[in-house]
Each structure stands twice: as C-alpha cells, then as structure tokens.
Amino acid sequence: MSIFDKFRKQKPRIDSSEGDAVPAKAPGSDLWVKCSGCGTAVYKKNFQENLKVCEKCGHHHKMTAQERVQQMCDEGSFFEWDSDVISMDPLEFGPEYLNKLQQDRAKTRLSDAVLTGKAKIEGLEVALGVMDFHFRGGSMGSAVGEKITAMMERALELGLPTVMITSSGGARMQEGMLSLMQMARTSAAVRRLNKAGLPYMCILTDPTTAGVAASFASLGDIILAEPGAIVGFSGARVIEQTIRQKLPPGFQTAEFYEKHGFVDKVVKRVELKRTAYELLSLLTRPLEVISES
Amino acid sequence: MSLEFEKPLLELEGKIDELKKVAESGVDLTGVVRQLERKAEELKHSIYSNLSAWDRVQIARHEQRPKTLDYIRELFTGFHELHGDRHYADDAAVVAGLARFEGRAVLVVGHQKGKDTKENLLRNFGMPAPEGFRKAQRLFIMAQRFGLPIITFVDTSGAYPGIEAEERGQYEAIASSIALMTELTVPILTVVIGEGGSGGALGIAVGDRVLMLEHSVYSVISPEGCATILWRDASKAEQAAATLGLTSETLTKLGLVDEVIHEPLGGAHRDLSLTYKAVQMALSKHLEQLVKLAPDDLVQQRYDKYRAMGRVQREVKV
C-alpha cells in the first residue's frame, strides 16, 4: 500500500447508509443532500424528484416502503394488508430487542420490515410486497415471513399476479431458527403461485442477501434488479476471511448476477414501473391486443 | 480430539488405565479401580446432564461423531453413490445415492464432513457449493418420479462462502432446493446428525419429519457469526450459542423439530452401535407412517407444517 492510498477517496463497496443520502454539512444543508455513492452535494428537491437516484453518478439510494409504493403504484391505489402483524421475542432476547422493534415501528410506520397489500401498476391489479431496509435492516423474522406468505395466499385467492420488492440483509438472528424457517414457509407459498399459473415477479434492490436471496427473492418467474444493488448469499467480509483475498470490483452486484445468469434484467429505477407493468401484462393478458401508443 | 468440559473425565479415565497397568504387575488394586470407575461413571453423568449450548456445539462438531457415510454404511444396504449435478460438477460436500433401508428402495442425501484434515479438504469441510444443492435437486426429482422416499442427513457449518460459489448462484441453488422440497410428492425424512448451519442445512432439510440427535445443533447463523454481528467479537461465541436457541430441546419446544433421538451417555461418538440403532429405529418408525399417506395429503401436510412455523401477534393500536 502506497502512502497515497491513505488520501485516495475510496467508494464504499457497501452503502451502509439507510438510503436517505447523508445530509451535507454545509450552509443551507437542509436544502442539499450528499450522495453516498460519489459524495456530490445534490439539491434535495431534485434528489427527491429523481427518485433518490444521484443525478451525477446514478447511485440508487435506498427508499422507504412508502416512497416505493408511491413510485410503483397508481396514485391512491394501494390498500394495505396485515398492518398489525408484529414479531414477538420467542428466544427471549429481552427488552432490548423488543424496544428496537418498537422504535423501528415508530420510525418507519410499518409493523415490521415488509409492507404488503393490493395495488395497481398502470391499471393492472397486483399483490405487492415491499421490504424496508430501515426496519432492522430489512431482516426476516416471523412477522416478515407471515406477511409475505399471507400476501401470496391472498394473491392465490384473488387470482392476482404478485410483485415482491426486496431489500434485506437476510434472516433475523434474534428470532433464531424461526427466522430460518421463514425461508421454507415463503418458498412453499411461491410454489403455490407457480402451480396456479399466477405470475410472480421479484425486484431486487440494495441489498438483497443471505436468507432472503436464498428463498422467495430468487424464485420469481421474472427477476429484475436495480443498478448497483448488492445481491448474494454470503457476506463480502465472510468470503474475504474465508478465502483470504480481496474481492474483485463489482462482485455481488445486480450487474454481476445479470452477467452470471441469475437476474433477468437490470432496470433503472425511473423505468421500473413501466417495465414491471409491460412484463406482467405480457404474462397476464397474453391474448389481448394492446395498441402501442 | 478432547473437549474442554470432558477433561476431568478423561483425566480420571487415564488414571484408571494407569492403575490397571500397575495391577497387571501383580499388585491387587481391584478395590481402588472399582471405586474410581464408579466415580468416573458419576462424573460422566453429571457432565452430560448439565451441558451448555456451547458444549453441545463442541459435541456436534466432534471429528469422531458419526457422519453421513457412516449412517449409510451401517443402516442401508446396496448403496450406490450417484455423482454430479449434470450441469457443472460433482460436489463432494454432499453425498447422494440410491440404497435400501430395511428392504425399501430410497434416495439418501447428506452433507459429508471429514474425520481428519485430509478428508476434510476433499469434502470441503462439508460446506456445499451450488452444485451440491443442484445434485440433490436432480435426484429429488428422480426419486419423485419413481416414488422413492427421501432420507436426508444434515451436517454442515453452512454453504461454502467463496467467489465461485457466489458466481454460480449459491443463493439460487439453496432457494430452488427449498422450494422443490416443499412440493415433492414423496415422503421426506430429515435427521440432523451433527451441525445444522443456516441455509446450507435447510437446503436439504425441508422434511415431512425433522428428527434431531440429542446433542446436534441447528441454528440460523453460527455462534461465531452471531457474536461477530451482535458484539463485533467472535470470541463471544459461547454467549451467542446460549442465546440462539440451537439445541434439540429448544427447537422441539418451538415446534421446529419433531423428535429428538437420544444419544448414549457421553455423545454419539462414545457408543456407535447404540447410536446407529437409535437412528435406525426412529427412521423406521417415521417412514412407516409417512409411506401410508397419499401424495396429495403428504404435500398438504408439509405445507401446513411449515405454514405454522412462526410466532407473531396482532398489535393492539391505541
């Protein structure tokens, strides 16, 4: 390592920020945000209008579940399901864990790390699940598994296609093996959708890893991903420690998995709604002649 | 390999052996030896009835603990190992093949750890690559086609965390294995024989019945990994093991394990024939029950079984 490396600005491989780009520490900082991809200060209003994508470097910042609903659904079309399903403390981790859940519920206005419901995408009715990284890192415990499974079962009853937008570090440690079992539970529900001939679309956003990647997030008929999203099973640090070498640039990104054949298409946020609609419409209305406008 | 908590016992057993040698030269020590032997037996009891979660982790990882191939050799006849995922490679960390169990043709699949360094290098320490899960999947489908029950043995610290494994879609391999198992129309019996490590274990463990050897462990993350994340300190693994709820008792209480197979005093490795007998009897009992079920009922019951796994409540909003 040369001495200059110390001064070289390194782009963090993992965007550990919770998505709202770090507020810039400058005069009038309430008007500006700092991109966690390139460090550029961006005018906040533009940043929001640009769906939290940096206009300079194209870095896709994390969105809240509500912001995502707004981006993906027709205005006012979202109807929430199971808004009161919350996790318990089955392993008795204690008040610390329960307090954190309580705090995150207050912070995110979600019952747990996923928001589920019925919505319309360009007029097409779907069952929609949106994970939110701001709630315990999007981790999957019993409540997340319950809400996703129940959503798929409702989609089955109503005959709706399902769209699942993921953002999660994996299974939630504090609920132990019950968390691991959510992988089987949700995957079983996906297979019921498959059997019923109902389309299931996954949209992988930053990050989608471990237990969530290794269950419902990778079982889609169609799998889309946002640019730069970190996807994978094992964490980068664990891999580096195991193989004792540095990971190549671009490892475990959406583009990496598109290249290796595990993601159908990397789609920019601004085009996501339209792309999702078009693909779902091809699967759900195969014989309808839709005039191209 | 000796385990920390076993040391007083091993020391005592060593002393008894020494005395016995002395006795061979003509000195009568029968009384003393008998007394010490009784003491050793008591010590064994007290040690093994008070094992901590971390002690269990040590037993579960013991090199001399019987592995998948040991069970296959002892409990099955006419085993033919079948290699490869028909796409890329054969993963030696997962063994699979056709055999007979009590005369009945079955598919058997299991993680394979080694008993020494050389064997462990060959088996990659029982950590599957995507090819291991894909080999399992292709054989699961074959078993379904011919109506063969499936028996799986779980013994892995987890799926292999490596560059190539990630490139070839480790997460996708695990997900499709899990999903496939939820809808197979043949009985699936799973036995956790050693270490059940996270998704790498679950990838072959979605059974109609999940049995667990008494001192095996099964967890969402390794105690070391949990300690690193919670307290940024892998040396707190002992504490993490206690909180993760990874023992057979806790998992049975949570309704995630159907039956605990009791081990001989001192652990499976201390009395192999007793261990094999216990596993055989448990497998036999559950298999008899499962083969009677119609395929549709089997799949529905399996769905209901996993559907019920979760602890949630409805929030009362004020």
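On a predicted model such as this, the values are computed, not experimentally measured, just so you know.

A few points about the interface of chain A and chain B
Contacts between chain A and chain B engage 59 residues on the former and 51 residues on the latter. Interface area for chain A against chain B, summed over the two sides, is near 5,000 Å², with a carbon-plus-sulfur share of 67%. Looking only at chain A, the three residues that lose the most surface to chain B are A:Met173, A:Met177 and A:Phe233, adding up to 14% of its buried area. On the surface where chain A and chain B come into contact, there are 7 salt bridges. Residue A:Arg191 is joined to B:Glu183 by a salt bridge in which the shortest nitrogen-to-oxygen separation is 2.4 Å. The tally of links from chain A across to chain B stands at 19 residue pairs in polar contact (both at pLDDT 80 or more). For the side of chain A that touches chain B, the elements supplying multiple residues, two or more each, are strand 4 (85-87), helix 4 (142-158), helix 5 (176-196), strand 10 (231-232), helix 7 (236-243) and helix 8 (254-259) of chain A.

Thoughts on empty space enclosed by the protein
All names here are of chain A. Tallied over the entire structure, the rule returns 1 cavity of 30 Å³ or more. In this structure, the largest cavity occupies an estimated 90 Å³ of space. Lining the largest cavity are 15 residues; nearest its centre among them are Lys62, Met63, Arg68, Ser167 and Thr205. Residue assignment for the lining of the largest cavity shows that the elements contributing at least two residues are strand 6 (124-131), strand 7 (162-168) and strand 8 (200-209).

Regarding the packing of helix 5 of chain A against helix 8 (residues 170-183) of chain B
With their axes 8 Å apart at the nearest point, helix 5 of chain A and helix 8 of chain B run at an angle of 70° to one another. Here helix 5 of chain A lies roughly perpendicular to helix 8 of chain B, going by the angle between them. Between helix 5 of chain A and helix 8 of chain B lies a crossing of right-handed hand. Contacts between helix 5 of chain A and helix 8 of chain B pair A:Met183, A:Ala184, A:Ser187, A:Ala188, A:Arg191 and A:Lys195 from the former with B:Ile174, B:Ser176, B:Ile178, B:Ala179, B:Leu180, B:Thr182 and B:Glu183 from the latter. In terms of residue class, the contact of helix 5 of chain A with helix 8 of chain B is made up of 7 nonpolar, 3 polar and 3 charged.

Comments concerning the domain arrangement of chain B
All names here are of chain B. Partitioning chain B into domains gives domain 1 (4-50) and domain 2 (56-307). Here the C-alpha centre of domain 2 lies 36 Å away from the C-alpha centre of domain 1. Contacts between domain 1 and domain 2 engage 9 residues on the former and 8 residues on the latter. Summed over both sides, the interface between domain 1 and domain 2 buries roughly 640 Å², with carbon and sulfur atoms accounting for 63% of that surface. Taken together, the connections running from domain 1 to domain 2 amount to 2 salt bridges. Across the pair Glu6 and Arg270 runs a salt bridge, and its minimum N-O distance is 3.4 Å. In this assembly, domain 1 and domain 2 are joined by 2 residue pairs in polar contact (both at pLDDT 80 or more). Every element with two or more residues in the side of domain 1 that touches domain 2 is listed here: helix 1 (7-24) and helix 2 (30-48). With 4 residues, helix 2 is the largest single contributor of residues to the side of domain 1 that touches domain 2.

Quick word on the nonpolar core
Across soluble globular proteins, nonpolar side chains have a tendency to be buried as a group. Counting residues in hydrophobic clusters, the biggest one holds 107 residues, and the most contacted among them are A:Met152, A:Tyr200, A:Phe216, B:Phe140, B:Leu202 and B:Tyr218. Considering each element in turn, this core owes the most residues, 10 residues, to helix 5 of chain A. Each residue touching B:Leu202, except ones within four places of it in the same chain, is listed here: A:Leu180, A:Met181, A:Met183, A:Ala184, B:Ile178 and B:Tyr218.

Describing the domain arrangement of chain A
All names here are of chain A. When the domains of chain A are assigned, the result is domain 1 (1-61) and domain 2 (63-284). Across the boundary between the two partners, domain 1 contributes 11 residues, which contact 16 residues of domain 2. For the pair domain 1 and domain 2, the summed buried surface comes to about 1,200 Å²; carbon and sulfur atoms form 49% of the total. In this structure, Glu67 and Lys52 form a salt bridge, with 2.9 Å as the shortest nitrogen-oxygen distance. Taken together, the residues of the side of domain 1 that touches domain 2 break down into 2 nonpolar, 4 polar and 5 charged.

Cut-off values and rules
- Residues numbered from 1 in each chain as written.
- Chains lettered and ligands numbered in written order.
- Predicted model: local features only at pLDDT ≥ 70, side-chain atom pairs only at ≥ 80, totals over all residues.
- Heavy atoms only, no water.
- Contact = heavy atoms within 4.5 Å.
- Buried area = accessible area lost by both parts, 1.4 Å probe.
- Salt bridge = Lys/Arg side-chain N within 4 Å of Asp/Glu carboxyl O.
- Polar contact = N/O pair within 3.5 Å; in protein donor to acceptor, adjacent residues only side chain to side chain.
- Helix = DSSP H or I, 4+ residues; strand = E, 2+ residues; numbered from the N terminus.
- 1 Å grid on protein atoms, 1.4 Å probe; cavity = no way out; pocket = protein on both sides within 12 Å on 5 of 7 lines; lining within 4 Å.
- Points joined across faces, edges and corners; volume = space filled by probe spheres on them.
- Axes fitted to C-alpha atoms, helices over the stretch in contact; angles between N-to-C directions.
- Parallel < 35°, antiparallel > 145°, perpendicular 65-115°, else oblique.
- Left-handed = near helix turned anticlockwise from the far one by under 90°.
- Nonpolar A, V, L, I, M, F, W, Y, C, P; charged D, E, K, R; others polar.
- Domains from an automatic or database assignment.
- Core = buried A, V, L, I, M, F, W, Y, C linked by side-chain atoms within 4.5 Å.
- Buried < 20%, exposed > 50% of the residue type's maximum accessible area, 1.4 Å probe, protein only.

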